[in-house]
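Take a look at the letters that make up each chain.
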Amino acid sequence: MAKPSGPECNLNCDYCFYLEKNNFLEELRPLHMSDEVLEAYVSKYISSQKSSEIHFVWQGGEPLVSGIEFYERVIELQRKYRGDKTIFNSIQTNGTLLNTKWCEFLKSNNILIGISLDGPSFIHDKYRKNRNNEGTHSKVVKAIELLNKYKIEFNVLCCVTKFSSKHGREIYEYFRNLDVKHVQFTPIVERIPGISSEKLNLKHAIPSESEQLDFTEHTVIPELYGQFLIDVFDEWISNDVGKIFISNIESILPSWLGLENTMCIYSEKCGRSLVIEKNGDVYSCDHFVYPEYRLGNILDHEISDLMKKSKSCGFVDMKQGNLPVVCLTCRYLNICNGECPKNRITQGSNNIENLNYLCAGYKMFYKHIGRYMKAMAKLIANGMPASRVMELSEGPIVVVSR
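Every value quoted in this text rests on a predicted model; they were computed, and no experiment measured them. (Residues numbered from 1 in each chain as written. Predicted model: local features only at pLDDT ≥ 70, side-chain atom pairs only at ≥ 80, totals over all residues. Heavy atoms only, no water.)

Looking at the pattern of salt bridges
For step 1, the next point in the chain: As enumerated under the stated definition, the model contains 14 salt bridges in all.
For step 2, the next point in the chain: Across the pair Arg176 and Glu235 runs a salt bridge whose closest N-O atoms are separated by 3.3 Å. Of the two residues, Arg176 is situated in helix α6 (residues 168-177) and Glu235 in helix α8 (residues 222-239); the sequence distance between them amounts to 59 residues.
For step 3, the next point in the chain: Look at Arg176 and you get partly exposed, because its relative accessible area is 25%.
For step 4, the next point in the chain: The class for Glu235 is buried, based on a relative accessible area of 14%.
For step 5, the next point in the chain: Close ionic contact of Arg294 with Asp281 constitutes a salt bridge, the shortest N to O distance being 3.1 Å. In this pair, Arg294 is assigned in strand β9 (residues 294-297) and Asp281 in strand β8 (residues 281-283), connecting sequence segments 13 residues apart.
For step 6, the next point in the chain: According to the relative accessible area criterion, Arg294 is partly exposed, its value standing at 39%. (Salt bridge = Lys/Arg side-chain N within 4 Å of Asp/Glu carboxyl O. Helix = DSSP H or I, 4+ residues; strand = E, 2+ residues; numbered from the N terminus. Buried < 20%, exposed > 50% of the residue type's maximum accessible area, 1.4 Å probe, protein only.)

Pasting the structure below:
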């Protein structure tokens, strides 16, 4: 994952944990990656991959503030170094800067767009505001209309807060009415700063903050997040399997097939998705871009060496190594694997150290969806479409093994 503009953004979303990183990344003040850093990144990333398909993911901050000219240079360098490999690009954007010129560029280069939208205006505009403290919902909807007009493939990233978690069905139906085909729901979990965070002048606590700290007012309550996922799932399983793709569901389905989860937060190990800042500094994870987790700089190291360093420093094994006993004996361990280490920040009501903050919500969700996931896994294993699971509402499904 690349941060070509670092924490720079044209919005000022209340729950954003990345925007404030300018407070301790002063050397990143240039607007975007220099050509030297960009070329080193593109060439080294392509050469480090054994696959015939290479995926570049551009995020922020707001990556579009770097301008079209920057991404034209990206495409130029990718063509220079790709050899016989196929290159794919995706950009995660808040959508407010998209216009016809951008869409023409995105379409001509087959770039996938991830667009941030939290739901209807009364939900989205509560936290996602511009620098004038104005809601941005109308601009994001216009951006989606443009993407549809130019037939640009896109998915939606929806942040779930304490406020929005009570509107699961409403948010899902809203996306369905917008003809959104791919969506990912991301829970907002942030704490107020402790001593270490205050030294960095941050308003959100860093993951390694060991103090018992209060959560921010927008942090989702675990049980409410679990119910949110259940409400979304019930709508999806009744009407939209095979029509709408929800990564929170699709990514854990392999667990019921005995395979590894496809989303990093649910995988057994961390550290396989490095992030590069605009000055070339590389970190083990998007959620751990803090001085103590810096691995090195792309100008000085090969990516393979940075991966090895991520493993040798213990980051890769952090997920399994810090699991509490209650997780090791949990029936759902192979599904969540303790989820993201950044959320292991509470001792909980039972004083269980390193227990994931969202654990109670996930257990609610997994228990609710279990029979459906098993049915879909059996359908897939027998060469039948998973969408047949929607027939469960009418009665039992009989699957004859081949």
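Structure's up, so let's keep going.
A closer look at the pairing of strand β3 (residues 112-116)
For step 1, the next point in the chain: Buried residues dominate β3, accounting for four of its five residues.
For step 2, the next point in the chain: Relative to β3, strand β2 (residues 86-93) is paired through four bridges, and the arrangement is parallel. Along β3, the bridge assignment pairs Ser90 with Leu112.
For step 3, the next point in the chain: With four bridges joining them, β3 and strand β4 (residues 154-160) adopt parallel strand pairing. In the strand pairing of β4, Gly114 is matched with Asn155. (Pairing = 2+ DSSP bridges.)

Considering the sheet that holds β9
For step 1, the next point in the chain: What the three strands build is an open sheet, ordered β7-β8-β9; its pairing is antiparallel. Every other strand in the sheet has two partners, leaving β7 (275-276) and β9 as the edge strands with one partner each.
For step 2, the next point in the chain: Summarising the sheet, β8 and β9 pair through three bridges and their orientation is antiparallel. Looking at the pairing, Tyr283 lines up with Arg294 of β9.

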